[in-house]
Each structure stands twice: as structure tokens, then as C-alpha cells.
Amino acid sequence: MSVDFCLDFETLGKDHDCVVLSFSILGFDPFKDDYTFEELVPMVKTWKIDIKQQIKDGRTISKDTLEWWKNQTEEVQKVLEPSDSDTPPSVFIEELHQYLESFDRSYTTLVYCRGTDFDLPILRDLVGKYSEYDKYDFLTKFWNIRDIRSLLCGRLDNNLSTTFLKEQDIPGFIKHNSAHDVAKAVFELQESRKFINT
């Protein structure tokens, strides 16, 4: 089976060295065209990452982002609550590496995220700080990184469109839940491909 990946962070800032709250990733078959959103959500692998350890290690928090979180739903704000099961950052990177290795990745494996200026610099910073892995080829070859927004703009021939499906069109979708954001992105990739092929 061919495999591509889609990923998403929830954080306490926008800088590459910000504190991360959660990270989700999904390895999926890019040629399968009948995934449902409900099927994708439980396939997503998610880590809730230890905030206290990151603060000790000098990672940053943005006051603006903290204020932004206060305006989110209670359900989404749960990611802010520390728990004994939060994963230390170094363990997260090692477990993510094991997750990636569990797939038959190839020279053509693609990695998708919404924009390449947010999630990827954060992940590269974490990989560089908490592991010995090559931060540029950790996920896939650096030239195989793809931006979902640009792809959707091209597929829809609309430079202002950054999404294919409205949130209200996906029953059960929870915005700013990293697992749901990843599942929605993969679902949009699939549905937009079917749209342009009709």
C-alpha cells in the first residue's frame, strides 16, 4: 500500500520554539477514495505533550495565543489541562519515529499540512532539540512536503479558497481538535480529487 501522511499541531504560540499541546498524524492510502470522516478520526494517532517539561526546557508561550484559547469551546480547551499521561517531548519524538517506521514509506511518500510555515518548523525544532534524527528528512524527503491550502486553491481554481468542505458539512467535526483537523484535511484531499475528476 502506498502511504502519505497528514499532520497538525495545537500549540501555545506561533513561533518554531513554542510550547506544543498536542500533535496528530495520519498515515493514509492516497489512492483510496472512499474514506469517511467517521472512519478517519479513529485512525489518527495523537499525542498530548507534557507542557511543564517544555517550559523547563525554554519553549515559549504567546500571551495572544493564550487569550485565543480562552475563546474556544470547553471541549477543545481540555487539551490545556495537564495530566499524568502527557507524553514527555523526547518520548513523543521517539514514538512518532516508531509510528512512521511502521509504514512502508518510499521515495514518493508525501506529507501534508495546512501551510508549511507553522507545523513543520515546530516539528523540526522539536526533532532537533529532543533527538538525534535528521530534522529535515524525519518525516519524508523535504521536497515531498505539501501544503493543503495551496493544493485546494489549485484544484478549485480559486486563490481565496483554503478549504473544500465547510465545518457544518461534516457531522461531529470539532475545530481545533488536532485529530479532527487531520481527519478533515485527509477527507478534503479525497473529496476535492473526486470533484475535479467528475
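Our structure's up above, just so we're on the same page.
A short tour of the structure in this document, coming up. The structure presented is a predicted model; accordingly, all values stated were derived computationally and were not measured.

**Notes on the packing of aromatic side chains**
For the coordinates displayed, the defined rule picks out 14 aromatic pairs. Between Trp-68 and Trp-69 the ring centres are 5.0 Å apart and the planes differ by 80°, which places this aromatic pair in the edge-to-face class. Residue classification places Trp-68 among the partly exposed residues on the basis of a relative accessible area of 34%. Exposure remark for Trp-69: the relative accessible area of 0% places this residue in the buried category.

**Things to note about the state of the cysteines**
Scanning the model with the defined rule gives 0 disulfides in all. With no disulfide partner, Cys-6 has as its closest neighbouring cysteine sulfur the one in Cys-113, 7.5 Å distant. The cysteine Cys-18 is free of any disulfide, with Cys-113 supplying the nearest cysteine sulfur at 14 Å.

**What about a nonpolar patch on the surface?**
A grouping of Tyr-107, Tyr-136, Phe-142 and Trp-143 is seen on the molecular surface, where their side chains present a nonpolar patch of about 500 Å² in accessible area. The residue Tyr-107 is located in the loop between helix H5 (89–101) and strand S4 (111–113) in this model. Tyr-107 gets classed as exposed once you look at its relative accessible area, which sits at 58%.

**Re the packing of H5 against helix H6 (residues 119–130)**
A pair of packed helices is captured by two measures, namely the crossing angle of their axes and the spacing between those axes. Remark: H5 packs on H6, axes separated minimally by 9 Å, with the N-to-C direction vectors making an angle of 105°. In terms of orientation, H5 lies roughly perpendicular with respect to H6. Seen from H5, the contacting residues are Pro-89, Ser-90, Phe-92, Ile-93 and Leu-96; seen from H6, they are Leu-123, Leu-126, Val-127 and Tyr-130. Looking at the contact of H5 with H6 residue by residue, the classes come out as 8 nonpolar, 1 polar and no charged.

**Concerning unusual backbone geometry**
Positive phi values are uncommon outside glycine, yet His-176 reaches one of about 70°. By secondary structure assignment, the location of His-176 is in the loop between helix H7 (148–156) and helix H8 (178–196).

**What to know about empty space enclosed by the protein**
Per the counting criterion, the structure on display carries 1 cavity of 30 Å³ or more. A volume near 70 Å³ is recorded for the largest cavity. In terms of lining residues, the largest cavity is bounded by Leu-120, Leu-123, Arg-124, Lys-135, Tyr-136, Asp-137, Phe-138, Leu-139, Thr-140 and Ile-145. The dominant element in the lining of the largest cavity, judged by the number of residues it contributes, is H6, at 3 residues. Here the lining of the largest cavity is built from residues that sort into 6 nonpolar, 1 polar and 3 charged.

**Remarks on the sheet that holds strand S1 (residues 4–11)**
The mixed open sheet is built from 5 strands, whose spatial order is S3-S2-S1-S4-S5. Each of the sheet's edge strands pairs with one partner strand only, and the pair in question is strand S3 (45–48) and strand S5 (145–147). Averaged over all pairs of adjacent strands, the angle between strand axes in this sheet comes to 20°, irrespective of strand direction. Where H5 meets the sheet, its contacts fall on S1, strand S2 (20–28) and S3, and the angle it forms with S2 comes to roughly 10°. Helix-sheet contacts for H6 involve S1, S2, S4 and S5, and the interaxial angle to S1 is about 85°.

**Quick look at the layout of surface pockets**
Volume-wise, the largest pocket comes out at about 710 Å³. Surrounding the largest pocket, 32 residues form its lining, Asp-8, Arg-114, Arg-149, His-176 and Asp-181 being those nearest its centre. Elements with a minimum of two residues in the lining of the largest pocket: S1, helix H3 (63–70), H7 and H8. No other element matches the 6 residues that S1 contributes to the lining of the largest pocket. Grouping the constituent residues of the lining of the largest pocket by class yields 12 nonpolar, 7 polar and 13 charged.

What counts as what
- Residues numbered from 1 in each chain as written.
- Predicted model: local features only at pLDDT ≥ 70, side-chain atom pairs only at ≥ 80, totals over all residues.
- Heavy atoms only, no water.
- Phe/Tyr/Trp six-rings, centres within 6.5 Å; stacked < 30°, edge-to-face > 60°.
- Buried < 20%, exposed > 50% of the residue type's maximum accessible area, 1.4 Å probe, protein only.
- Disulfide = S-S within 2.5 Å.
- Patch = residues over 30% accessible without salt bridge, like charges linked within 9 Å, V, L, I, M, F, W, Y side chains within 5 Å.
- Areas by Shrake-Rupley, 256 points an atom, 1.4 Å probe, with all protein chains shown as cover.
- Salt bridge = Lys/Arg side-chain N within 4 Å of Asp/Glu carboxyl O.
- Helix = DSSP H or I, 4+ residues; strand = E, 2+ residues; numbered from the N terminus.
- Axes fitted to C-alpha atoms, helices over the stretch in contact; angles between N-to-C directions.
- Parallel < 35°, antiparallel > 145°, perpendicular 65-115°, else oblique.
- Contact = heavy atoms within 4.5 Å.
- Nonpolar A, V, L, I, M, F, W, Y, C, P; charged D, E, K, R; others polar.
- 1 Å grid on protein atoms, 1.4 Å probe; cavity = no way out; pocket = protein on both sides within 12 Å on 5 of 7 lines; lining within 4 Å.
- Points joined across faces, edges and corners; volume = space filled by probe spheres on them.
- Pairing = 2+ DSSP bridges.

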